[in-house]
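Structure assessment
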Amino acid sequence: MEKAGFTRRNFLKTSAAVSAASFMTNLGTNFAHAAGSDVIKVGVIGCGGRGNGAADDCVGGGEIAGAKVQITAVADVFKGHTDRLKNKFKIADGNCFSGLDAYKGVVDSGVDMVIIATPPGFKALQFEYAIEKGKHVFVEKPVAVCPAGVRIMLKAGEMATEKKLAVVAGTQRRHETNYIDTVKAIHDGAIGDILHMSVYWCGGGIWWRNPEPGMSEVEAQINNWYHYIWLCGDQICEQHLHNLDVANWVMGSHPVSAYGQGGRNAKMRPQGSEIWDNTAVEYEYPNGGRVLSFGRHWPGEGNVSEFAIGSNGTSNPGGWIAPKGGQRKSFRNARSGYVQEHADLIKSIRDGKPLNETLAVSESTMTAIIGRMSCYSGMKVKWDWAMKQSKLDLVPRNLDLKGPAPKVEIPIPDGKLV
Ligand SMILES: NC(=O)c1ccc[n+]([C@@H]2O[C@H](COP(=O)([O-])OP(=O)(O)OC[C@H]3O[C@@H](n4cnc5c(N)ncnc54)[C@H](O)[C@@H]3O)[C@@H](O)[C@H]2O)c1
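Residues numbered from 1 in each chain as written. Predicted model: local features only at pLDDT ≥ 70, side-chain atom pairs only at ≥ 80, totals over all residues.

1. With respect to the overall build of the protein
Here is the rule: Note on conventions: DSSP H or I runs of at least 4 residues are helices, E runs of at least 2 residues are strands, and numbering of each starts at the N terminus. Radius of gyration means the value over C-alpha atoms here, while the globule rule gives 2.2 Å times the residue count to the 0.38 power. Here a residue counts as buried when 20 or more other C-beta atoms sit within 10 Å of its C-beta, as exposed when there are 12 or fewer, and as partly exposed otherwise, the C-beta atoms being derived from the backbone. The contact rule is simple: place each C-beta atom from the backbone, and if two of them lie within 7 Å, those residues are in contact.
Within the protein one finds 15 helices and 15 strands. Taking 418 residues into account, the globule formula puts the C-alpha radius of gyration at 22 Å, and the protein, at 21 Å, falls close to it. Projected onto its principal axes, the C-alpha positions of the protein cover 60 × 55 × 40 Å. In the protein, which comprises 418 residues, the share counted as buried stands at 48%. Contacts in the protein between residues far apart in sequence, at least 24 positions, make up 75% of those at least 6 positions apart.

Here's what the structure looks like:
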């Protein structure tokens, strides 16, 4: 598997737009069933805010890549949630699926590609199914909430490579020129060896969705998914992952260990929510460098960014480098990363060089997970141990939508690791 950002530079060298017709002649066997209609059929799994946004971005990305994208199928655990996309894209009733197995309906509906925009806990099994069935995938970040989920992702990602399927993840910074050009300058040695980074996702509180009348416990948790660890992985995983992904990208590796702390400020957190509202984790990298991560849901001054200190200068990987004694240089973004990631995905298929970002996004997800495991336990967590030996598996396999939900439990550090 290749890491995005390193491979994308190759795509930039190739010509920009081609006609839909020439697109079709360049499609690999994985688009064979789209031939004759000159349309890429895309299904959306998870029709909330991001599923809706990603569907539009995919259509826009297709235009940039010279391909016609049609959203032909939708799935959501809740029937009513598919309506917006169904109406917007005039999707047939028979291609609108609901329930926990709805994703299978979309994957099996004759689509070429799926967009997975469900809560993080569900993504690994949905991704695995899509790859098994030979579909290209755009998968939102994070891709798992526990080591068991990351292992499923990695295995399915290898299968994607074998099957020449394209996988792009919703780590859009890797498709934004301000990040791409700044990180390239860092990797080219503009500020020397990177010794330290600080990365932040410090924002205010998040939404709380009261259960709707008639909802079961499981439905209520899925609807309010950000507040349950088995569904969202806590804030470090769900949101802060973006900045940890940049850290791994800049450092050229995942960390070897994590040592963290955190907790909750009871005044801020709604009753019934089990996630924390602040974490601080120090990660150690193979070169001995350290990355300090800060995540929180607090009022006050927000900060969503990354900062790097090199042996010969400093940088914000999102847009500038300042070499010691030299000129500060800024880099700008050409267009929305949300659209560009789809353009890159579709173009990579067109060129017969499918991008596969599974490894990078799985490693970033695992980076967040070991950070959270350290915070929750009070223990230092080693990457190798967590990848190979941790038994943490948070997502129930035979969930009954009308049944009882996993127990709500606020993590209290006890010096134990699972
Ligand atoms: N890349 C980014 O910047 C970015 C931005 C926003 C959201 N996201 C990611 O997108 C994902 C979704 O976030 P959102 O803001 O759209 O949330 P949301 O709550 O608006 O939407 C989630 C949708 O998924 C549905 N769903 C839940 N479980 C399902 C299942 N098992 N099968 C099918 N559908 C299911 C829900 O009913 C809901 O409609 C999250 O992982 C989030 O991190 C990424």
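2. Overview of the site of the ligand
Here is the rule: Nearness is defined per residue: the C-beta atom, placed using the backbone, must lie within 6 Å of the molecule or strand. In this classification, Asp, Glu, Lys and Arg are treated as charged, Ala, Val, Leu, Ile, Met, Phe, Trp, Tyr, Cys and Pro as nonpolar, and every other residue, Gly included, as polar.
Near the ligand there are 26 residues, and of these Gly46, Gly48, Arg50, Glu140 and Gly170 occur at the shortest range. Where the shell around the ligand is concerned, the elements lending two or more residues are α3 (49-65), β2 (69-76), α5 (102-107) and α6 (120-132). For the shell around the ligand, the element with the most residues is α3, which contributes three residues. Taken together, the residues of the shell around the ligand break down into 13 nonpolar, eight polar and five charged.

3. Remarks on the pairing of β2
Definition in use: Strand pairing is assigned whenever DSSP identifies at least 2 bridges connecting the two strands. The handedness rule is simple: strands pointing away from the viewer, and a clockwise path from the first strand over the helix to the second, make the crossover right-handed.
Here β2 lies mainly inside the structure; seven of its eight residues are buried. Alignment of strand β1 (residues 40-45) against β2, held across six bridges, turns out to be parallel. Its bridge partner lying in β2, Val44 is registered against Val74. Pairing of β2 with strand β3 (residues 96-98) involves three bridges; the strand directions are parallel. Its bridge partner lying in β3, Val74 is registered against Cys96. Running through helix α4 (residues 83-89), the crossover from β2 to the neighbouring parallel element β3 is right-handed.

4. Some words on the sheet that holds strand β7 (residues 194-203)
Operational definition: Angles shown run from 0 to 180 degrees and are taken between the N-to-C directions of axes, each axis being a line fitted to C-alpha atoms and, for helices, limited to the stretch in contact.
Strand order in the open sheet formed by nine strands is β14-β13-β12-β11-β7-β10-β9-β8-β15, with mixed pairing between adjacent strands. The open sheet has two edge strands, β14 (329-330) and β15 (381-382), and neither has a second partner. Taken together, the seven bridges between strand β9 (residues 278-284) and strand β10 (residues 290-297) define a ladder with antiparallel strand orientation. Each residue of the ladder has a partner; that of Asn278, found in β10, is Arg296. Across the sheet, helix α8 (residues 177-187) touches β7, β11 (303-310), β12 (313-316) and β13 (320-323), and the angle it forms with β13 is around 25°.

5. Notes on the sheet that holds β1
Read across the open sheet, the six strands follow the order β3-β2-β1-β4-β5-β6; overall the sheet is parallel. This sheet does not close on itself; its edge strands, each paired only once, are β3 and β6 (167-169). The sheet shows a mean angle of 20° between the axes of neighbouring strands, taken without regard to direction.

6. Section: α8
Every α-helix carries 3.6 residues per turn, so stepping three or four residues along brings you back to the same face. What α8 keeps buried is the set Tyr179, Ile180, Thr182, Val183 and Ile186. In the segment just after α8, Gly189 is the residue with positive phi, at about 95°.

7. Some points on the domain arrangement of the protein
How we decide: Each domain's extent was defined by an automatic or database domain assignment.
We note that the domain assignment places domain 1 (8-174 + 338-357) and domain 2 (177-334 + 365-388) within the protein. Here the C-alpha centroids of domain 1 and domain 2 sit 25 Å apart. Sorting the residues of the side of domain 1 that touches domain 2 by element identifies α6 and α7 (147-162) as the ones contributing at least two each. For the side of domain 1 that touches domain 2, a count of residues per class yields 10 nonpolar, two polar and four charged.

8. Description of the environment of Ala160
By the element assignment, Ala160 lies in helix α7. On the basis of neighbour counts, which here come to 26 C-beta atoms within 10 Å, the residue Ala160 falls in the buried class. As a C-alpha pair, Ala160 and Thr358 span 198 residues in sequence and 8.8 Å in three-dimensional space. Setting aside its immediate chain neighbours within four residues, Ala160 contacts Ile131, Leu165, Val167, Asn356 and Thr358.

9. Looking at unusual backbone geometry
The amide bond that connects Lys141 to the next residue, Pro142, takes the cis arrangement and shows omega of -25°. The topology assignment puts Pro142 in the loop between β5 (136-139) and α7. Of note in the backbone geometry, Lys164 takes a positive phi value of approximately 60° without being a glycine. With respect to the helices, strands and loops of the structure, Lys164 is situated in the loop between α7 and β6. Its 16 C-beta neighbours within 10 Å are what place Lys164 among the partly exposed residues. A positive phi is found at Asp234, a non-glycine position, where the angle reads about 75°.

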